[in-house]
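# Structural description and commentary
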Amino acid sequence: MLRRPYNNRVSGWKAFSLIELLLVIVLLGVIAAVSVPNFSNTYRRMQLKDKAENVEYLMNYGQSRAIIKNFSFRLQWSEDFRSCWLMEEVVQDDNSSSQEKDFQKVAGRWGREIVFPSDMQVVSSLAQFEFYPDGTIDKGTISVCDPKNCYTVSTQEKRGRVKMFPADIKDVTEEMKT
């Protein structure tokens, strides 16, 4: 009987050694460790932008509904600026002589409350933004910030226009101090 010489490779198959496999696993671990913090920062920035866009959309909706329905709408903030919602003017009877407008929360999906997470800070120049039937809006800014990024929703740039843009965190912190 003929004997074959001792060979590590059985019938010509090639395989990875244990050291090569461990090296690949270590490299994948290092890549994952480097990319996970970057992913969480990206997710936080996307969440921040989404909240600012929700405020912008709600304001644009309030403005268009005020024009269409021919009565005022209002973006109302909670006392701690942790949430906001859209309100519509309650049309009074003609007998009413009250100059004060009454508002009620908008029903349906546009009446939902936008709640901001505790790690986000909201700074608004007004406690409420009113949208008038002629298309005008109270002029002011809303800044939605986290420790690293900030977005501002503004009605000051053009008459009757709501615009969102990235803001410098330093400018917003100085605005909060004043």
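Before reading further, recall that the structure is shown in the block above.
The text that follows walks through the structure, step by step, so that each part is easy to find.

What counts and what doesn't
Residues numbered from 1 in each chain as written. Predicted model: local features only at pLDDT ≥ 70, side-chain atom pairs only at ≥ 80, totals over all residues. Heavy atoms only, no water. Helix = DSSP H or I, 4+ residues; strand = E, 2+ residues; numbered from the N terminus. Buried < 20%, exposed > 50% of the residue type's maximum accessible area, 1.4 Å probe, protein only. Contact = heavy atoms within 4.5 Å. Expected span 1.5 Å × (residues − 1). Bend = angle between axes of the 7 residues up to and from the residue.

## Here's the deal with unusual backbone geometry
One non-glycine residue, Asn 70, lies in the positive phi region at around 65 degrees. Here Asn 70 is to be found in the loop between helix 1 (18-69) and strand 1 (73-77). For Asn 70, a relative accessible area of 58% corresponds to the exposed category. Notably, Phe 81 is not glycine yet its phi reads approximately 55 degrees, a positive angle.

## Examining the side chain of Asn 54
Structurally, the position occupied by Asn 54 is in helix 1. When residues no more than four places from it in sequence are discounted, the contact partners of Asn 54 are Arg 112 and Ile 114.

## Considering the environment of Ala 52
Take Ala 52: it is sitting in helix 1. Residue Ala 52 is classed as buried on the basis of its relative accessible area of 0%. Not counting the four nearest positions on each side in its chain, Ala 52 is found in contact with Val 144, Tyr 151, Val 153 and Met 164.

## Quick word on helix 1
For helix 1, spanning 52 residues, the distance from its first C-alpha to its last is 73 Å, which sits close to the expected 76 Å at 1.5 Å a residue. In the structure, helix 1 departs most strongly from a straight axis at Ser 35, where the bend amounts to approximately 25 degrees and where the proline Pro 37 lies between one and four residues downstream. Looking only at helix 1, the buried set comprises Leu 48, Lys 51, Ala 52, Asn 54, Val 55, Glu 56, Leu 58, Met 59, Gly 62, Gln 63 and Ala 66. Phi for Asn 70, located one or two positions after helix 1, is positive at around 65 degrees.

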